[in-house]
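# Chains, contacts and geometry: an overview
Okay, here's what each chain looks like letter by letter:
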Amino acid sequence: MEQEKDVKIFDKDELLYFDGKECRMIAEYERTICVEYVNYPFAGQEEEFPYPRVILRKGEVERAAV
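Position numbers for residues count from 1 along each chain, tracking the sequence in the order it is written. Local features are withheld for residues below a pLDDT of 70 in this predicted model, meaning they are given only at 70 or higher, and side-chain atom pairs are given and counted only at 80 or more; totals for whole chains, interfaces and linings count all residues. To obtain the side-chain values, all non-hydrogen atoms of the structure were used and water was disregarded.

Quick look at unusual backbone geometry now. The peptide bond linking Tyr-40 to Pro-41 adopts the cis configuration, its omega dihedral lying at 0°. Assignment of secondary structure puts Pro-41 in the loop between β3 (32-37) and β4 (53-57). For Asp-13, which is not glycine, the phi dihedral falls at a positive 70°. Every helix listed is a DSSP run of H or I at least four residues long, and every strand listed is a run of E at least two residues long, numbered separately from the N terminus. Mapped onto the fold, Asp-13 is located in the segment before β1 (15-18). Exposure classes here rest on a 1.4 Å probe applied to the protein chains alone. A residue is buried below 20% of its type maximum, exposed above 50%, and partly exposed in between. Accessibility expressed as a relative area gives 47% for Asp-13, which makes it partly exposed. In this structure, Asp-19 is a non-glycine residue whose phi angle is positive, near 55°. Here Asp-19 lies in the loop between β1 and β2 (21-28). According to the relative accessible area criterion, Asp-19 is exposed, its value standing at 58%.

The structure is reproduced here in C-alpha cells:
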C-alpha cells in the first residue's frame, strides 16, 4: 500500500493572520503549521499570547490579501 505524500498548501515565510495578529509560517505538517508572530511581544496581551511561536490547525489561519 503506497502512502500519500503530504500536500503542502503554505509557503515558508508566508504572511498569515491568526486572531488578528500577523504571523509568518515556519513549518507545515499534515494538519497543522508552526507560525511565528510578527512584532512580538504584544503590549498588554502577554497572557493571551505568551509565546512567539505556536502550532495551529491549518484552518485557523487566514492568508494575507495580496
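Now, onward.
Let's shift gears to the environment of Cys-34. When you line up the elements, Cys-34 lands in strand β3. Judged by its relative accessible area of 13%, Cys-34 falls in the buried class. In this structure the C-alpha to C-alpha distance between Cys-34 and Cys-23, which are 11 residues apart in sequence, comes to 9.7 Å. Setting aside chain neighbours within four positions, we find Cys-34 in contact with Arg-24, Met-25, Ile-26, Ala-27, Tyr-29, Val-54 and Ile-55. Residue contacts are defined here by distance: any two heavy atoms, one from each residue, within 4.5 Å place the two residues in contact.

Along the chain, Phe-10 falls in the segment before β1. C-alpha of Phe-10 to C-alpha of Glu-28: the two residues are 18 residues apart in sequence and 7.3 Å apart in space. Those residues in contact with Phe-10, other than ones at most four positions away along the chain, are Leu-16, Met-25, Glu-28, Ile-33, Lys-58, Val-61 and Arg-63.

Salt bridge criterion: a side-chain nitrogen from Lys or Arg within 4 Å of a carboxyl oxygen from Asp or Glu. Tallying each qualifying case throughout the model produces five salt bridges. Its salt-bridge partner being Glu-14, residue Arg-63 comes within 2.5 Å of it at the nearest N-O pair. Here Arg-63 is found in strand β5 (residues 62-63), whereas its partner Glu-14 is found in the segment before β1, with 49 residues between them in sequence. Among the ionic pairs, Glu-28 bridges to Lys-58, the shortest N-O distance being 2.9 Å. Taken as a pair, Glu-28 in strand β2 and Lys-58 in the loop between β4 and β5 lie far apart in primary sequence, 30 residues in all. Take Lys-58: its relative accessible area is 14%, and that puts it in the buried class.

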